[in-house]
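For reference, the chains in residue letters:
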Amino acid sequence: MNKILITRKVPQPFVKQLERIGNVVMWDKELTPMPREAFLEEIKDATACLSTLSERIDEEVLKEASNLKVIANMAVGYDNIDVNKASQYGITVTNTPHVLTETTAELGFTLMLTVARRIIEAATYVQEGQWESWGPYLLSGKDVYGSTVGIFGMGDIGKAFAHRLKGFNTRILYHNRSRHSDAEKELNATYVTFEELLKESDFVICTAPLTQETENKFDAKAFEMMKNDAIFINIGRGAIVDEEALVAALQRHDILACGLDVLRQEPIDMNHPLLQLPNAVVLPHIGSASRRTRDRMIQLCVDNILAVLENKPPITAVEFKN
Ligand code: GLV
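What counts as what
- Residues numbered from 1 in each chain as written.
- Predicted model: local features only at pLDDT ≥ 70, side-chain atom pairs only at ≥ 80, totals over all residues.
- Heavy atoms only, no water.
- Near = heavy atom within 4 Å.
- Polar contact = N/O pair within 3.5 Å; in protein donor to acceptor, adjacent residues only side chain to side chain.
- Areas by Shrake-Rupley, 256 points an atom, 1.4 Å probe, with all protein chains shown as cover.
- Nonpolar A, V, L, I, M, F, W, Y, C, P; charged D, E, K, R; others polar.
- Buried < 20%, exposed > 50% of the residue type's maximum accessible area, 1.4 Å probe, protein only.
- Helix = DSSP H or I, 4+ residues; strand = E, 2+ residues; numbered from the N terminus.
- Contact = heavy atoms within 4.5 Å.
- Salt bridge = Lys/Arg side-chain N within 4 Å of Asp/Glu carboxyl O.
- UniProt positions renumbered as here; feature names shortened; annotations may be inferred.
- Pairing = 2+ DSSP bridges.
- Axes fitted to C-alpha atoms, helices over the stretch in contact; angles between N-to-C directions.
- Phe/Tyr/Trp six-rings, centres within 6.5 Å; stacked < 30°, edge-to-face > 60°.
- Lys NZ or Arg CZ within 6 Å of the ring centre and 35° of its normal.
- Disulfide = S-S within 2.5 Å.

### Topic: the site of the ligand
Next up, step 1: Taken together, the residues surrounding the ligand are Leu-53, Ala-75, Val-76, Gly-77, Leu-100, Arg-237 and His-285.
Next up, step 2: Between the ligand and Gly-77, the relevant distance is 2.8 Å, taken from an oxygen atom to a main-chain nitrogen or oxygen of the residue.
Next up, step 3: At 2.6 Å from an oxygen atom of the ligand is found a side-chain nitrogen or oxygen belonging to His-285.
Next up, step 4: Within the complex, 88% of the 190 Å² of free accessible area of the ligand lies under protein.
Next up, step 5: Looking at the shell around the ligand residue by residue, the class counts come to 4 nonpolar, 2 polar and 1 charged.

Structure follows, in structure tokens:
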């Protein structure tokens, strides 16, 4: 009999689909991750696991999980999983690309406009009763319209972000592992080096996945190269940014402001200096969080598990790299 472990509480209709092919064991909390010990215990005899970003799936987990055939991670990113080790153990890893692209790009765009026009500061200003009069430069921000926007990571989400810039008359620069001539033509985007992207962009948008190459890519040197009135947005992964260097850059006004949907440590420590800065907007990793998209992500995980356990090809398997 298959045992299917779901590491976070998901709605019953998804659970029912999986109950057709096995016993489902589901962690019963929506906002609290499964403790490591409980996860290690439950994964031991599981055939499939619907996991989230909260679970670190490394060799310690994989070597215990001798029945495991598939890990369906409810995210497009899979830096929480040692995919190469999983492949050595014969375990398929799947993710949730495509279904979340537009929703995540939309959040990135929202965050860019929010930071550019100082929306959080402005709403707080009203709520705190500080609004006494109109002022010529009261809470004045920065235009996206007519600016240069540099996108770091031109995958599906980067492209969807660039599409949204069409009505804003911007110059689009991008930097990516490989060049995308289709994107260059379709989006009128120009490929530049990382350094050029930093130096020339008014808005730097990070949509990249976390890999060995992208870890700490935005370090002190990178922030120094950016314009003093640049705005930095990160919807990729927290560890792509050296947060200490970012805080220093914001404090020294080496850059103007930032918006982060992803942090190195999630949830962020309430004493983190980023939370003291008026020019930093921090969100709790909600890039793909629309109801429809979250439903689609869970459904894709379910479909991947059903496929693998029924000996069919997975729908969205992650490729392991040598
Ligand atoms: C979220 O960050 C994801 O990778 O889907």
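### Details of helix α11 (residues 243-251)
A turn of α-helix holds 3.6 residues, and therefore any two residues three or four places apart point the same way.
Next up, step 1: Taken together, the buried positions of α11 are Glu-243, Ala-245, Leu-246, Val-247, Ala-249 and Leu-250.
Next up, step 2: At its buried positions, α11 is contacted by α10 (220-225), β10 (231-234), β11 (257-260) and β12 (280-282).
Next up, step 3: Structurally, the start of α11 carries an N-cap: the backbone nitrogen of Glu-244 is 3.1 Å from a side-chain oxygen of Asp-242.
Next up, step 4: The first or second residue beyond α11 is His-253, which carries a positive phi of 60°.

### Here we look at the side chain of Thr-104
Next up, step 1: The topology assignment puts Thr-104 in helix α5 (residues 101-116).
Next up, step 2: On the basis of relative accessible area, Thr-104 is assigned to the buried category, the value being 7%.
Next up, step 3: Among all residues touching Thr-104, those that are not within four sequence positions of it are Ile-157, Ile-235, Gly-287 and Ser-288.

### A short note on the pattern of salt bridges
Next up, step 1: Taken as a whole and assessed by the stated rule, the structure comprises 20 salt bridges.
Next up, step 2: One salt bridge in this structure joins Arg-56 and Asp-58, with 2.4 Å as the shortest N-O distance.
Next up, step 3: Its relative accessible area of 19% is what places Asp-58 among the buried residues.
Next up, step 4: Each of Arg-36, Arg-56, Asp-58 and Glu-60 takes part in a single network of salt bridges with overlapping partners.

### Concerning unusual backbone geometry
Next up, step 1: Cis geometry is found at the peptide bond from Glu-266 to Pro-267, where omega equals -5°.
Next up, step 2: Position of Pro-267 among the secondary structure elements: in the loop between β11 and β12.
Next up, step 3: Here His-253, not a glycine, exhibits a phi torsion of approximately 60°, which is positive.
Next up, step 4: By secondary structure assignment, the location of His-253 is in the loop between α11 and β11.
Next up, step 5: Positive phi, normally seen in glycine, also occurs at His-285, with a value near 50°.
Next up, step 6: Of note, His-285 is situated in the loop between β12 and α12 (291-309).

### So, the UniProt feature "domain: D-isomer specific 2-hydroxyacid dehydrogenase catalytic" (unreviewed entry) in the protein
Next up, step 1: UniProt records the feature "domain: D-isomer specific 2-hydroxyacid dehydrogenase catalytic" (unreviewed entry) at residues 4-318, using the numbering of this structure.
Next up, step 2: Taken end to end, residues 4-318 comprises 35% helix and 15% strand; its first and last C-alpha atoms sit 20 Å apart.

### Considering the sheet that holds β11
Next up, step 1: Sheet architecture is open: 7 strands sit in the order β8-β7-β6-β9-β10-β11-β12, paired in parallel fashion. Bordering the open sheet on either side are β8 (189-191) and β12, each of which pairs with just one other strand. In this sheet, neighbouring strand axes are inclined to one another by 15° on average, regardless of whether the strands run parallel or antiparallel.
Next up, step 2: Where β10 meets β11, 4 bridges bridge the pair, whose relative direction is parallel. Paired with Asn-234 across the bridge in β11 is Leu-260.
Next up, step 3: Each of β6 (148-152), β7 (171-175) and β9 (203-206) is contacted by helix α7 (residues 156-164), which is oriented at about 165° to β6, the strand it contacts most.

### Concerning the packing of aromatic side chains
Next up, step 1: Overall, the coordinates contain 9 aromatic pairs when judged by the stated rule.
Next up, step 2: With 5.5 Å between their ring centres and 80° between their planes, Phe-223 and Phe-232 make a pair best called edge-to-face.
Next up, step 3: According to the relative accessible area criterion, Phe-223 is buried, its value standing at 1%.
Next up, step 4: Members of the aromatic cluster, each reached through a chain of ring pairs, are Phe-152, Phe-194, Phe-218, Phe-223 and Phe-232.
Next up, step 5: The ring of Phe-203 is capped by Lys-142, whose NZ or CZ atom sits 5.6 Å from the centre of that ring.

### What about the side chain of Thr-293?
Next up, step 1: Within the element layout of this structure, Thr-293 appears in helix α12.
Next up, step 2: Taking relative accessible area as the criterion, Thr-293 reaches 2% and is therefore assigned buried.
Next up, step 3: Of the polar contacts made by the side chain of Thr-293, one reaches the side chain of Ser-290; its length is 3.2 Å.
Next up, step 4: In contact with Thr-293, not counting residues within four places along its chain, are Val-99, Leu-100, Thr-103 and Ser-288.

### Brief notes about the state of the cysteines
Next up, step 1: The full count for this structure, using the stated rule, is 0 disulfides.
Next up, step 2: No disulfide involves Cys-49; its sulfur sits 9.7 Å from the nearest other cysteine sulfur, which is in Cys-301.
Next up, step 3: Since its relative accessible area comes to 1%, Cys-301 is described here as buried.

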